[in-house]
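# Coordinate analysis (summary)
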Amino acid sequence: MGKGLYYLIYVGDGERGVLSLRGLTPDSRDFIRISGKRSAELFNGVMSVIDAYALKYSISKDGDKTVVELPADVGYAVLIYLLLTYSAKEPNKWLNFLERLLAGKAPLSKYLNVFVHLAIDLSNLKYGCGGRGAIIKPTAARTVSSMMRVLIENL
């Protein structure tokens, strides 16, 4: 993680869908996957912040599938944001944190990768290594998401 490219993939009709983030190639396994109404809200929020900061990315569409190719640093910030908002009731409330991450102004940002590794380790502990689905499993994502929000709210 942290090198190469990340792929933010949204598949859906605009209101409901599946949002995932992958590394290395568009065919790689998902780091994290979010489905339902929140996926569209998260995708639109992330894209609005990326566009507001005029960050470079490439986008391709094929029917109801949108693939956004992100540079490594932007993709990793999006991964942290998606993990942070995984179980948040109002994900757009946390967009300012994504903005701060991208601007390099988030306090303690150098420690946030610990949460990503914790989520991966919790997923492996409960489900074993490999397998199907996303690398970060839903139970681990919900647990780590809550922890991250408590920390960030208290900064």
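This text follows the structure it describes.
The following refers to the structure shown. Quick caveat: nothing in here was measured; it's all calculated off a predicted structure. (Residues numbered from 1 in each chain as written. Predicted model: local features only at pLDDT ≥ 70, side-chain atom pairs only at ≥ 80, totals over all residues. Heavy atoms only, no water.)

## Digging into helix α4 (residues 113–127)
- With 15 residues, α4 should cover 21 Å at 1.5 Å per step; its first-to-last C-alpha distance of 21 Å lies within 8% of that length.
- Where α4 is concerned, the buried positions are F115, V116, A119, I120 and S123. Buried residues of α4, seen end-on, are gathered within an arc of 140° and therefore sit on one face of the element. Along α4, exposed side chains directed more than 90 degrees from the buried face belong to V114, D121 and L125.
- Here the buried face of α4 lies against α2 (72–84) and α5 (138–153). (Helix = DSSP H or I, 4+ residues; strand = E, 2+ residues; numbered from the N terminus. Expected span 1.5 Å × (residues − 1). Buried < 20%, exposed > 50% of the residue type's maximum accessible area, 1.4 Å probe, protein only. Arc of directions from axis to C-beta. Contact = heavy atoms within 4.5 Å.)

## Thoughts on the sheet that holds strand β3 (residues 30–36)
- Taken in spatial order, the 5 strands line up as β3-β2-β1-β5-β4 in an open sheet, and their pairing is antiparallel. Since the sheet does not close on itself, it has two edges, and those belong to β3 and β4 (58–62), each with one partner. Each neighbouring strand pair of the sheet contributes to a mean axis angle of 15°, computed without reference to strand direction.
- Contacting β1 (5–12), β2 (17–23), β3 and β5 (65–71), helix α1 (residues 37–52) crosses the sheet at an angle of about 120° to β3.
- Its contacts with the sheet put α2 on β1, β2, β3 and β5, and the angle it makes with β5 is roughly 120°. (Pairing = 2+ DSSP bridges. Axes fitted to C-alpha atoms, helices over the stretch in contact; angles between N-to-C directions.)

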